[in-house]
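So the chains spell out like this:
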Amino acid sequence: MANLLENVARQVRNNQRAFSVTPKRREIFKVQSPEEFDKKVKNSQEPVIVDFFATWCNPCKLLTPRIESIVGEQAGSIKLAKVDIDEHSELALDYDVGAVPVLVIMQNGKEVQRMVGLQDEDKIRAWVATAVKNAKQ
C-alpha cells in the first residue's frame, strides 16, 4: 500500500495523471448533403442508424441523448447519422418518413430495420444490439 501511495504522490508531483480515462468511441454525424448521405450511409458496409428528426419535435429532443448514448456503448460497431427532415426533405421522402422521430438501420445501401416514435431506452438498446449482432453474421 505504501508503494502505491508513493507512486501516486510521485505522479502528482510530476504533474502526471494517476489514472487515464478513455472516452467511448462514438461515430455520430449530422448529414450535410445528399452526397454525404450516399457516401457515409448508403455506401457503408457497417450498419448505420439514420435518425430522421426535426428541431421543433419534442419527442426527437428526448430521443437524441438516448440514441447517442446507446451508439456510444457499441464502441464503433454502429454509426449514427442524423438527418434534419426540414433541411433534407428529399431524403425524408425517399425513406417514407411521415412522422418523426424515425430510426432506420441501413447496411450495404439497404434498409434493415425501422423504429418509429419515441421508445424507452431498454427497447432501443435491444434493437441496436440485435442490429449489431446481425451485421456480424
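Residues numbered from 1 in each chain as written. Predicted model: local features only at pLDDT ≥ 70, side-chain atom pairs only at ≥ 80, totals over all residues. Heavy atoms only, no water.

## Focus: the pattern of salt bridges
Under the convention used in this document: We count a salt bridge whenever a side-chain nitrogen from Lys or Arg sits within 4 Å of a carboxyl oxygen from Asp or Glu. Only DSSP runs of H or I covering at least 4 residues are called helices, and only runs of E covering at least 2 are called strands; the numbering of each starts at the N terminus. With a 1.4 Å probe rolled over the protein chains alone, any residue whose accessible area is under 20% of its type maximum counts as buried; one over 50% counts as exposed, and the rest are partly exposed.
Here the structure, examined in full by the defined rule, presents eight salt bridges. The salt bridge partner of E36 is K40, with a shortest N-O separation of 3.2 Å. Taken as a pair, E36 and K40 lie in helix 2 (residues 34-42) at a separation of four residues, close to a single helical turn. Classification of E36 by relative accessible area gives buried; the value is 16%. In this structure, E121 and R125 form a salt bridge, with 3.2 Å as the shortest nitrogen-oxygen distance. Of this pair, E121 and R125 both sit in helix 5 (residues 121-135), four residues apart, which is roughly one turn of the helix.

## Considerations on the state of the cysteines
Worth spelling out the cut-off: We call a pair of cysteine sulfur atoms a disulfide whenever their separation is within 2.5 Å.
The tally for this structure, following the rule as stated, stands at one disulfide. Here C57 is linked by a disulfide to C60, with a sulfur-sulfur distance of 2.5 Å. Judged by the torsion about the S-S bond (80°), the C57/C60 disulfide is right-handed. On the basis of relative accessibility, which here comes to 4%, the residue C57 falls in the buried class. Overall, C60 belongs to the buried group, its relative accessible area being 2%.

## Concerning unusual backbone geometry
Cis geometry marks the peptide bond from V100 to P101; its omega dihedral reads 0°. On the secondary structure map, P101 appears in the loop between helix 4 (89-94) and strand 4 (102-107). Of note, A75 is a non-glycine position whose phi angle comes to about 50°, a positive value. Position of A75 among the secondary structure elements: in the loop between helix 3 (58-73) and strand 3 (79-84).

## Quick word on the side chain of Q74
Just so we agree on the cut-off: Note on definitions: a residue-residue contact is assigned when non-hydrogen atoms from the two residues lie within 4.5 Å.
Locating Q74 in the fold gives a position in the loop between helix 3 and strand 3. Among the residues examined, Q74 registers a relative accessible area of 18% and is labelled buried. Not counting the four nearest positions on each side in its chain, Q74 is found in contact with V128, A129 and V132.

## A short note on the nonpolar core
What counts, and what does not: Remark: nonpolar core denotes a set of buried residues (Ala, Val, Leu, Ile, Met, Phe, Trp, Tyr, Cys) joined through side-chain atoms within 4.5 Å.
In terms of nonpolar packing, the biggest core is built from 22 residues, with F37, V41, V50, F52 and V97 touching the most fellow members. Looking at this core, the elements that each hand over two or more residues are helix 2, strand 2 (48-53), strand 3, helix 4 and strand 4. It is strand 2 that contributes the most residues to this core, four residues altogether. Not counting residues up to four positions away in its chain, the partners in contact with V97 are F52, I85, A92 and V102. Counting 15 residues, the second-largest nonpolar core is a separate cluster that includes L80, L103, M115 and I124.

## So, the packing of aromatic side chains
Two descriptors summarise a pair of aromatic rings, namely the distance from one centre to the other and the angle between the planes of the rings. For clarity, the threshold we go by: Here is the rule: rings of Phe, Tyr and Trp (six-membered ring for Trp) pair when centre to centre is within 6.5 Å. Planes less than 30 degrees apart are stacked, more than 60 are edge-to-face, and the remainder are tilted.
The final tally for this structure, using the stated rule, is two aromatic pairs. Consider the rings of F52 and Y95, whose centres lie 6.0 Å apart with planes at 35°: the pair is tilted. Of this pair, F52 sits in strand 2 while Y95 sits in the loop between helix 4 and strand 4, and the two are 43 residues apart along the sequence. Taking relative accessible area as the criterion, F52 reaches 0% and is therefore assigned buried. Judged by its relative accessible area of 12%, Y95 falls in the buried class.

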